[in-house]
Amino acid sequence: MVRSVHHFVDGKAFQGSSGRTGDVYNPATGEVQAKVDFASTDEVRTAIHAAQAALPGWAATPPVQRARVMFRFKELIETHMDELAGILTSEHGKVFSDAKGEVLRGLEVVEFACGAPHLLKGDFTENVGRAIDSFSTRQPVGVVAAITPFNFPAMVPLWMFPMAIICGNTVILKPSEKDPSASVRLAELLIEAGAPAGVLNVVHGDKEAVDTLLTDPGVNAISFVGSTPVGEYIYATGCANGKRVQALCGAKNHMLVMPDADMDKASDALMGAGYGAAGERCMAVSVAVAVGDAGDRLIEKLEPKVRALKVAPGNDPDAEMGPLITREHRDKVKGYVDLGVEEGADLVVDGRGLRLQGYEDGFFLGGCLFDNVQPDMRIYKEEIFGPVLSVVRSPDFGHALSLVNGHEYGNGAAIFTGDGDAARSFAANCNIGMVGVNVPIPVPMAFHSFGGWKRSAFGDHGMYGMDGIRFYTKLKTVTSRWPTGMTSGAEFTFPIMR
Ligand code: NAD
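All of these numbers come straight from a predicted model, not from anything done at the bench. (Residues numbered from 1 in each chain as written. Predicted model: local features only at pLDDT ≥ 70, side-chain atom pairs only at ≥ 80, totals over all residues. Heavy atoms only, no water.)

### Quick notes on the overall build of the protein chain
Part 1 of the reasoning: Along the backbone of the protein chain there are 16 helices and 23 strands.
Part 2 of the reasoning: Computed over its C-alpha atoms, the radius of gyration of the protein chain comes to 24 Å, within 12% of the 23 Å expected for a compact globule of 498 residues.
Part 3 of the reasoning: Referenced to the eigenvectors of the C-alpha coordinate spread, the extents of the protein chain come out at roughly 85 × 60 × 40 Å.
Part 4 of the reasoning: For the protein chain, with 498 residues in total, the buried portion stands at 57%.
Part 5 of the reasoning: When contacts within the protein chain are restricted to residue pairs at least 6 apart in sequence, long-range pairs at least 24 apart make up 73% of them.
Part 6 of the reasoning: Total accessible area on the protein chain stands at roughly 20200 Å², and carbon and sulfur atoms take up 52% of it. (Helix = DSSP H or I, 4+ residues; strand = E, 2+ residues; numbered from the N terminus. Rg over C-alpha atoms; globule rule 2.2 N^0.38 Å. Buried < 20%, exposed > 50% of the residue type's maximum accessible area, 1.4 Å probe, protein only. Contact = heavy atoms within 4.5 Å. Areas by Shrake-Rupley, 256 points an atom, 1.4 Å probe, with all protein chains shown as cover.)

### A look at the environment of Q374
Part 1 of the reasoning: Position of Q374 relative to the elements: it lies in the loop between strand 16 (368-371) and helix 13 (378-381).
Part 2 of the reasoning: The class of Q374 is partly exposed, set by a relative accessible area of 39%.

### Let's talk about the environment of V5
Part 1 of the reasoning: Of note, V5 is situated in strand 1 (residues 3-5).
Part 2 of the reasoning: For the pair V5 and V36, spaced 31 residues apart in the sequence, the C-alpha separation amounts to 4.6 Å.
Part 3 of the reasoning: Excluding anything up to four places from it in sequence, V5 contacts A34, K35, V36, D37, P180, S181, V184 and H204.

### Considerations on the packing of aromatic side chains
Part 1 of the reasoning: According to the stated counting rule, one finds nine aromatic pairs in the structure shown.
Part 2 of the reasoning: An aromatic cluster of at least three residues, connected via ring pairs, comprises W159, F450 and Y464. (Phe/Tyr/Trp six-rings, centres within 6.5 Å; stacked < 30°, edge-to-face > 60°.)

### Some points on the state of the cysteines
Part 1 of the reasoning: Scanning the model with the defined rule gives zero disulfides in all.
Part 2 of the reasoning: Just so you know, C239 is unpaired, no disulfide at all, and the nearest cysteine sulfur is the one on C249, 12 Å from it.
Part 3 of the reasoning: Of the residues examined, C239 reaches a relative accessible area of 36% and is grouped as partly exposed. (Disulfide = S-S within 2.5 Å.)

### Some words on the domain arrangement of the protein chain
Part 1 of the reasoning: Under the domain assignment, the protein chain is made up of domain 1 (3-249 + 456-478) and domain 2 (253-437).
Part 2 of the reasoning: With 20 residues of domain 1 in contact, the opposing surface of domain 2 contributes 25 residues.
Part 3 of the reasoning: Interface area for domain 1 against domain 2, summed over the two sides, is near 1800 Å², with a carbon-plus-sulfur share of 63%.
Part 4 of the reasoning: Broken down residue by residue, the surface that domain 1 buries against domain 2 is led by A28, V95 and S456, which jointly contribute 26%.
Part 5 of the reasoning: Across the domain 1-domain 2 interface, the total number found is one salt bridge.
Part 6 of the reasoning: With its nearest N and O atoms 3.0 Å apart, the salt bridge here joins R281 to D98.
Part 7 of the reasoning: Where domain 1 packs against domain 2, one counts seven residue pairs in polar contact (both at pLDDT 80 or more).
Part 8 of the reasoning: Grouping the amino acids of the side of domain 1 that touches domain 2 by side-chain chemistry returns seven nonpolar, eight polar and five charged. (Domains from an automatic or database assignment. Buried area = accessible area lost by both parts, 1.4 Å probe. Salt bridge = Lys/Arg side-chain N within 4 Å of Asp/Glu carboxyl O. Polar contact = N/O pair within 3.5 Å; in protein donor to acceptor, adjacent residues only side chain to side chain. Nonpolar A, V, L, I, M, F, W, Y, C, P; charged D, E, K, R; others polar.)

Printed below as a string of structure tokens:
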């Protein structure tokens, strides 16, 4: 019997009746382990109505009380850490230690959200004019839809709903249909923490569910994380329907390896950043730019490490890399490796032949390493989202920087060097949202904000941090005076504060 994954609406499980479901795999074995309900338009509307009904009461709940719910939620996530990480390993395939790291990075946003009363404090100016005071507050945007990708089934939802909820909004989360169970478990834990029913609802599904969220007038704001083509559609459609939208999208993150870099450390960093989570991270490094004479020394260090990569099911304690999310995605990534060979890049390590005894039907692919990749190749230009690292050789720093700046994506980039001038110049001049100096995956902490540039993000605000507070609230400024401060007679000039 395969398990069923239902929606979670108005504080309880809500079994879909659309007759449409999706398969949830165990990527390590290739078996279907669950069927997830796909919501019809009417079922999504039921969730929207639940969120709308919960909104007035929750928006009126003092921030200090919303924060207390978050404190309890934080404790519950800590208590259930292994259980949540186990769900991620089982449905996504990532190794258990990495899954725990993911939950921890999401937990950091919940910790930040516990500061709600401070974060939502307004500004007050006494005497903006004679006997006139002015104050600014930030009020909830309303019902927020959160649409999330498969690759961080706990962390990305946790980037969104705790921030939206402490701001007084109510939320409909539409997680990836490929690994939906973590979202449902988080919603159950939030209810256990004391959130009223309807504050967080989870609906599963595909384009039909998303399109309802994008067009229904009951939804006020959309947070999206996923691929660029879908994100662009979400941004355009959401905006055209009068909603506030943020859409964080795809990436092709470069890491410059300068000639003076410590090649042991740089190659170790590339191993984790290129092959961790099987390269299925929006902050994965997929291009290493070897500057000057760094190329041969880098390949010499990298090649044996890629060959030695321990690929195994995520629940194997020795695993360094697990399977990919689905058979289709594994085949797509494999297709990119075929393409790179056709395009003339040197395939130094070929992981296409990997077979794991006992897991022949799992969605595994060994680590692949290309050298001499050229900027006009598709394997350089497109996001592969798998365990494939491309090394591009670059004559000097200026050329390497121009590669980074010329790429259509601008999520993350890093430089490995001991040269402070090069590092400073790179950080100041790259056209990229998140930059690492000797840090391969520079994911900002919860009290900063996460966001890319160029076609890696649409909309003005990053996720979490103060950008999260701004996105999930509307600014209101009140200017007030009382009878003693009021003048007599009509004034026809534009108001001037005296
Ligand atoms: P995806 O775009 O396929 O799916 C994301 C969400 O959109 C899912 O909930 C999915 O059900 C929905 N969706 C898919 N197709 C749709 C359509 N045609 N119409 C409406 N909704 C649709 O992305 P994915 O494969 O789940 O995730 C991987 C992508 O996410 C990669 O491109 C990765 O770089 C990106 N990502 C970006 C960030 C970031 O912060 N920039 C973080 C994580 C992942």
